[in-house]
Amino acid sequence: MSTRALRRLRGKQRGQEALDLGDLAVGDSPEEQAEAEAEAEEDQPDTANVSPPSNRKGSSRKAKKNKAQKNFSNIYELICDADNETEKNSPDEDAEKPGGNKTNGTEKNDNRETGKPDQKEKEASSKSLPTDRVKKKKKKKKTKVTSESGQEAIPDDNIDLLLENLEQPNGLSLQNVDCGGSDRRSVLHVEHRNLNAETELKRYFGARAVLGDQRPRQRNRQFHRTTWMTSPKDSWPRFSRPGISMTLLQTKDGVHYFTFEHNRDYQQIQFKFLDAVESMDPNNIVALLQLNPYHIDSLLQLSDVCRIQEDQEMAQDLIERALYSFECAFHPLFSLTSGTSRLDYLRPENRAFYLTLYKHMMFLEKRGCPRTALEYCKLILSLDPDSDPLCMLLLIDFLTLRSREYQSLLQLYQDWEEHRNLSQLPNFSFSTALCYFHLSQQEDMDPEESEKLRRKADQLLQDALIMFPGVLMPLLDLCTVQPDSTVSSHAFFGPKSQIGQLPALAELITLYVGRTYNLWREAAVMLWLEDSVKEVLRRVDAKDPIVEDCQNKRKQRYQSAPRNIHRHVLLSEIKGATSSLPLEVTTQPVMSFDPLPPLDSVISYTRPQRKPIACMWGHHVINVCRPYIQIKLSSQSLSLIHYELTDSKAVN
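Going by an unreviewed UniProt entry, the chain carries the name Transcription factor 25 (basic helix-loop-helix) and comes from Anabas testudineus.

**Digging into the side chain of Q270**
In this fold, Q270 is placed in helix 10 (residues 264-278). What makes Q270 buried here is its relative accessible area of 9%. At 2.9 Å, the side chain of Q270 forms a polar contact with the side chain of H295.

**Quick word on the sheet that holds strand 3 (residues 341-343)**
Read across the open sheet, the three strands follow the order 1-2-3; overall the sheet is mixed. Each of the sheet's edge strands pairs with one partner strand only, and the pair in question is strand 1 (244-252) and strand 3. Along the sheet, successive strands turn relative to each other by an average axial angle of 35 degrees, direction set aside. Here strand 1 runs beside strand 2 (residues 255-262); their pairing, made up of eight bridges, is antiparallel. If you follow K252 over to strand 2, its bridge partner there is V255.

**Comments concerning the packing of aromatic side chains**
As enumerated under the stated definition, the model contains 20 aromatic pairs in all. Geometrically, the ring pair formed by F468 and Y558 is edge-to-face, given 6.3 Å between the ring centres and 70 degrees between the ring planes. Of the two residues, F468 is situated in the loop between helix 19 (447-467) and helix 20 (472-478) and Y558 in the loop between helix 25 (545-556) and helix 26 (563-572); the sequence distance between them amounts to 90 residues. Overall, the relative accessible area of 0% leaves F468 in the buried class. Judged by relative accessible area, Y558 falls into the buried class, the value being 12%. Grouping aromatic residues by their ring pairs yields a cluster made of F258, F260, F326, F330, F334 and F353. The ring centre of Y294 lies 5.9 Å from the NZ or CZ of R321, which sits over that ring. Sitting over the face of the ring of Y345, R351 holds its NZ or CZ atom 5.8 Å from the ring centroid.

**Structural notes on the pattern of salt bridges**
Scanning the model with the defined rule gives 19 salt bridges in all. Close ionic contact of K233 with E320 constitutes a salt bridge, the shortest N to O distance being 3.5 Å. In this pair, K233 sits in the loop between helix 9 (207-211) and strand 1 while E320 sits in helix 13 (residues 312-327), placing the two residues 87 residues apart along the sequence. Judged by its relative accessible area of 11%, E320 falls in the buried class. Linking R402 and E365 is a salt bridge whose minimum nitrogen-to-oxygen distance equals 2.5 Å. One end of the pair, R402, is in helix 16 (residues 396-402); the other, E365, is in helix 14 (residues 348-367), and 37 residues separate them in sequence. For R402, a relative accessible area of 30% corresponds to the partly exposed category.

**Quick look at the environment of A433**
Its place among the elements puts A433 in helix 18 (residues 426-440). Those residues in contact with A433 that sit more than four places away from it in its chain are A457, L460, L461 and W528.

The rules we used
Residues numbered from 1 in each chain as written. Predicted model: local features only at pLDDT ≥ 70, side-chain atom pairs only at ≥ 80, totals over all residues. Heavy atoms only, no water. Helix = DSSP H or I, 4+ residues; strand = E, 2+ residues; numbered from the N terminus. Buried < 20%, exposed > 50% of the residue type's maximum accessible area, 1.4 Å probe, protein only. Polar contact = N/O pair within 3.5 Å; in protein donor to acceptor, adjacent residues only side chain to side chain. Pairing = 2+ DSSP bridges. Axes fitted to C-alpha atoms, helices over the stretch in contact; angles between N-to-C directions. Phe/Tyr/Trp six-rings, centres within 6.5 Å; stacked < 30°, edge-to-face > 60°. Lys NZ or Arg CZ within 6 Å of the ring centre and 35° of its normal. Salt bridge = Lys/Arg side-chain N within 4 Å of Asp/Glu carboxyl O. Contact = heavy atoms within 4.5 Å.

Structure, rendered in structure tokens:
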């Protein structure tokens, strides 16, 4: 990189430095000095004005000697000016010189080459000559120059060292700093490279097996916008703005609150989509997508239709197209990875983005990409970690165990247990114990550390079995394991414990068992579970006070599940869990594009009410309420009346 390019990178260009009469060169001509004095007097209130082109030589020489002035608006202020011929050494570097000799205040550089004339004398000799006859030669600096912060100046031609200097912790950086929610950043932080499923598939099978012959011909290739979450396909329709935009609502404590917005044209398409859903005919949605190929709710609804018809490839393709449409509408400040961007689930425009991410995550998990699915799970959780509208805390432990990110799960449990009570959820109680067990089984683990982790796993699993005894029998049933007669006939684990469960607790247990029973099928895990069950029965028979305490907690808690848990159960589509939903959920209609909307939704625009039209047909009055109606009158008046409800006009 040239010196001129680096100067532009620092925000310092020739002819843009502040004027200072005291730093004018001694060898300047009288005309240049008089002109510089006039410019300094005129620009005295504002010293940052740009100097005229005639003074560029004088101002550039002044900039090379003005070492005390600091440009605080420059984000790269810690980078030393490589063009300066003289800089001050730091006290620490002076003290480390051989022989212990310290340089005085007038000495600027530590000349390492013997026989080299003093730099100051060279400058004086060069200044005595006319400026237009002096030809300066660029020489490589071989001396270490440090800034006031102790960082070493990097030569202009070594850009790699320059970038390393920028990435140092004590230097300034262009990366976003997480000002708010710092306790959650380590947990909710998402990596860009893990949002692409091909990254995980390449790690398993290699790039040649994943990509294959996917390079399209240049003649038929379409150029799409580069995105993080999806890879646009050439088979997709040509992208055009569907009418969705993102707006920044407010910024509070370093956290940005956004919302999606629909323009007027998109609102009209949304009304047509609702009419198509009410018609109960998927062909109407297909016809709507032909005209509007990137309408979000239509893509979500048709994806469910394809999935029911076992067309998984088309269903996943429609979800990816919806995700691409959302990402093209992102606000410049919206970040997928920092964990400081929020979307309110109360707004219907934002709910479609939640559902698109969730459905895409489930397709990735079924495709065999649990690590990528885990990143999307953390992304959904970071959009609203306080209310957690899709209840991702019931799923994140399963994806973490599938991807074998054990330390990540333990860190989440330790950070959030105090304010979220994760131990009161059956999935975290059992998954944390299973996580410690897998860590203790690692081959490179120290024997003492392995034994310590094993004891921790035994304790956590016993506590989980005592707190949630209703998990054992359904888990063994799905794992096709016949329990011992002493276990199945015992009152603590027997049928009595299943009957006495509260509905909300039964819903959580059925959801966890139906999702994670495959993780417990390993032989080593089953032997470990068997030993823990025997120890629990011994403690129950010995009337351990913890058993009675947990029983009282179960009766006081889990009286009713919140609405976000019901919404999560509906989206999970686990048969055992959906059958345990209460009647107030199962008796109301559920739309797949917006399941169980919040009761306190924030509505930005409403669907216009369609006025019923009373038509006389013989001696009967027929009330009609459809968007487009064609009515043939009697034979005495053969005319066709087209009622258009949107304009409230009748056209003969």
